[in-house]
Amino acid sequence: MALLYKSTRGDKNYITASQAILKGIADDGGLYVPEAVPKIDFELSEILNMDYKALAYRVLRIVLDDFTEEELKACINGAYDEKFDTPLIAPLRETTDCGVLELFHGKTIAFKDMALSILPYLLKTSARKNGEDRQIVILTATSGDTGKAALEGFADVEGTGIIVFFPQDGVSDVQRKQMVTQEGKNTCVAGIHGNFDDCQTAVKKAFTDKALKEELAEKGYVFSSANSINIGRLAPQIVYYFYAYAQMVKAGRVNMGENINFVVPTGNFGNILAGYYAKNMGLPVDKLICASNENKVLYDFFNTGEYNADREFILTSSPSMDILISSNLERLLYHLSDAETVSGKMKQLTGQGSYSFSAKDKSFIGEYSTEAETFGIIKEVFEKEGYVLDTHTAVAYNSYKKYKAETGDETPTVVVSTASPFKFAKDVLAAIDEKYVGIDPFEAVRKLSEVSKASVPTPIKDIEKRPVLHNTCIEREEIEDFIKSKLK
């Protein structure tokens, strides 16, 4: 029996996975979720003998079950190839404290590559399966990493166009440079005077603006999304939780069938939600530790039951987590309640900036790290292990150490890494040694290579010399008009 998808907010239409990928977001503004989280249909021990591609097929065929074997394998083979700098795709690095799952070996050196390398293939296949011949326009809001990974994935892909919005002053220098130097005839990038929540809210509004969609449909365009609001972005992330578990078993840190914990640096809640899906599919997971930076709206939610986005927005050294409205939390609320409840909570969030929710599922633990703690753990791990954490992964690593100190929990644990430290070299260097405070961000990339004795990743080598191809910056109220101007 086919696995169908439905909206978190009660839209009565049930659709296939490929249809959900094409639409991106439901007509009522809700996010698509599986009608029931399916269980794995293989013995867990089999994952020990699978490489990343084989494992991706075994997992994704369950959640994207209207794709044929030929279609799905073509998507996987196209995604996980030499564009990653290691055949392991997502290697596990062992430290004294835990395992660190390195998800930054793709073309944009951030974890978003794990899903955005395959999404263009899934989207094109979905269009073909459903007879969609209009040009697919990818609308994406980014807090730093999704934008570049999406641009890289969709650049010059026939039948698609991509428009990315990012907070002008809310990303790192390297992240910004990666986006504004993006090549591709079908790519468009604009900075926004505002924060990520402003970008995300405007993009979601465009998806549900019936008049806008009809106007553009007449011109031969249809919207879809590369954000994790799109189930096609979220589903591939489930795979690497199974892959991490297999590597933990192979390393002798856990016996097959025993529980492990995951610590996930969290902003929009998509990455950690993929871990929740993996757990419910049959992966032996005890706790999912949701690590926040000083924008600790999720920490407060899991500790008090109140989600309150009506607070000061703080720019931190981990900008991909500088988010107050975590879209994918809506999916978790749905799985723990129902569409009527979710619809009501989202209306409260829009109108009042907050809502309360009592979660009975105890899978999640909230932790957070201050800026000082984040810098401190980067220095500590480098001096003890010779291993360099980026600022986001450091938030998670420190949160894990706090959690362990508070609870005494000795369950083997994996920290899910966000990005290469070279992407945030200026802050990473300042954390390692105060003498580097104020260093030029691109000089910091070269200096971090010297200090860490690691090569600068090819995707950002000499990036400051690349010509700027996108130099637009607009007000958040101008996003809709900007979209129209690009789709004439």
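Data block above holds the structure.
About the criteria used
Residues numbered from 1 in each chain as written. Predicted model: local features only at pLDDT ≥ 70, side-chain atom pairs only at ≥ 80, totals over all residues. Heavy atoms only, no water. Helix = DSSP H or I, 4+ residues; strand = E, 2+ residues; numbered from the N terminus. Contact = heavy atoms within 4.5 Å. Salt bridge = Lys/Arg side-chain N within 4 Å of Asp/Glu carboxyl O. Buried < 20%, exposed > 50% of the residue type's maximum accessible area, 1.4 Å probe, protein only. Expected span 1.5 Å × (residues − 1). Arc of directions from axis to C-beta. Pairing = 2+ DSSP bridges. Axes fitted to C-alpha atoms, helices over the stretch in contact; angles between N-to-C directions. Parallel < 35°, antiparallel > 145°, perpendicular 65-115°, else oblique. Nonpolar A, V, L, I, M, F, W, Y, C, P; charged D, E, K, R; others polar. Left-handed = near helix turned anticlockwise from the far one by under 90°. Right-handed = clockwise from strand over helix to strand, strands pointing away. Polar contact = N/O pair within 3.5 Å; in protein donor to acceptor, adjacent residues only side chain to side chain.

Q: Quick question: what am I supposed to make of the environment of Ile260 here?
A: Among the structural elements, Ile260 can be located in strand β9 (residues 260-265). Not counting residues within four places of it along the chain, the set of residues in contact with Ile260 comprises Tyr245, Val254, Pro284, Val285, Asp286, Lys287, Thr411, Pro412 and Val414.

Q: Any chance you could explain the pattern of salt bridges here in plain terms?
A: Charged atoms that come close allow side chains of opposite charge to pair. Under the criterion given, the structure shown has 30 salt bridges. The salt bridge partner of Glu69 is Lys73, with a shortest N-O separation of 2.7 Å. With Glu69 and Lys73 both in helix α3 (residues 69-79), this residue pair falls four residues apart, about one helical turn. Exposure remark for Lys73: the relative accessible area of 34% places this residue in the partly exposed category. Linked through salt bridges whose partners overlap, the residues forming this network are Asp97, Glu380, Lys384 and Lys401.

Q: I tried to follow helix α16 (residues 371-385) on my own but got confused; where do I start?
A: Helical periodicity: at 3.6 residues per turn, an α-helix aligns residues three or four positions apart in one direction. In this model α16 runs 21 Å from its N-terminal to its C-terminal C-alpha over 15 residues, within 8% of the 21 Å that 1.5 Å per residue would give. Within α16 the residues assigned to the buried category are Thr374, Ile377, Ile378, Val381 and Phe382. Projection of α16 onto a plane perpendicular to its axis shows the buried side chains occupying an angular sector of 125°, all on one side. Residues of α16 that are exposed and angled more than 90 degrees away from the buried face: Ala372, Glu383 and Lys384. Contacts made by the buried residues of α16 are with α17 (391-407), α18 (425-432) and α19 (441-452). Just downstream of α16 lies Gly386, where phi reads positive at about 70°.

Q: Would you take a moment to explain the sheet that holds strand β3 (residues 92-94) for this structure?
A: Within a sheet, each strand pairs with its neighbour through backbone hydrogen bonds, oriented either parallel or antiparallel. Spatial ordering of the open sheet is given by β3-β4-β14-β9-β10-β13, a layout of six strands whose pairing is mixed. For this open sheet the edge positions go to β3 and β13 (364-368), each flanked by a neighbour on one side alone. Taken pair by pair, the neighbouring strands of this sheet meet at an average axis angle of 25°, ignoring direction. Relative to strand β14 (residues 413-416), β9 runs parallel, the two being bridged by three bridges. Counterpart to Asn261 in the pairing with β14 is Thr413.

Q: In this structure, what is going on with the packing of α16 against α17? I would like to understand it.
A: To describe two helices that pack against each other, one gives the angle between their axes and the distance between the axes. In the contact formed by α16 and α17, the axes pass within 8 Å of each other and the chain directions differ by 90°. For the element pair α16 / α17, the angle class is roughly perpendicular. Residues Glu373, Thr374, Ile377, Ile378, Glu380, Val381 and Lys384 of α16 touch α17, and the partners they reach there are Thr391, Ala394, Val395, Tyr397, Asn398, Lys401 and Lys402. For the contact of α16 with α17, the class distribution of residues is six nonpolar, three polar and five charged.

Q: Where do I start with the packing of helix α2 (residues 52-63) against α3 in this structure?
A: Packing of α2 against α3 brings their axes to within 10 Å, and their N-to-C directions diverge by 135°. Our classification of the angle between α2 and α3 gives oblique. Our pair here, α2 against α3, has a crossing hand that is right-handed. Between α2 and α3, the residues in contact are Lys53, Ala56, Tyr57, Leu60 and Arg61 and Glu69, Leu72, Lys73, Ile76 and Asn77, respectively. Along the lines of polarity and charge, the residues of the contact of α2 with α3 split into five nonpolar, one polar and four charged.

Q: What is the right way to look at unusual backbone geometry in this model?
A: Residues other than glycine predominantly adopt negative phi, and peptide bonds predominantly adopt the trans conformation. Even without a glycine there, the phi angle at Ile109 is positive, about 50°. Positive phi is not limited to glycine here, since Lys453 has a value of about 60°. Within the fold, Lys453 resides in the loop between α19 and β15 (472-475).

Q: Hey, could you run me through the pairing of strand β10 (residues 285-292) in this one?
A: Residues in a regular strand project their side chains so that they alternate between the two faces of the sheet. Extensive coverage of β10 is indicated by the burial of seven of its eight residues. Bridge count for β9 against β10 is five bridges, and the pairing is parallel. Bridge pairing in β10 places Val263 opposite Ile289. This β-α-β element, β9 to helix α12 (residues 270-281) to β10, shows right-handed connectivity. For β10 and β13, the ladder comprises five bridges, and the chain directions are parallel. By the bridge assignment, Cys290 is partnered in β13 with Gly366.

Q: Would you mind going over the side chain of Thr181 with me for this structure?
A: With respect to the helices, strands and loops of the structure, Thr181 is situated in the loop between α7 (173-180) and β7 (187-193). Since its relative accessible area comes to 9%, Thr181 is described here as buried. A polar contact is formed between the side chain of Thr181 and the backbone oxygen of Lys177, at a distance of 2.6 Å. For Thr181, the residues in contact, after removing those within four places along its chain, are Arg466, Pro467, Val468 and Leu469.

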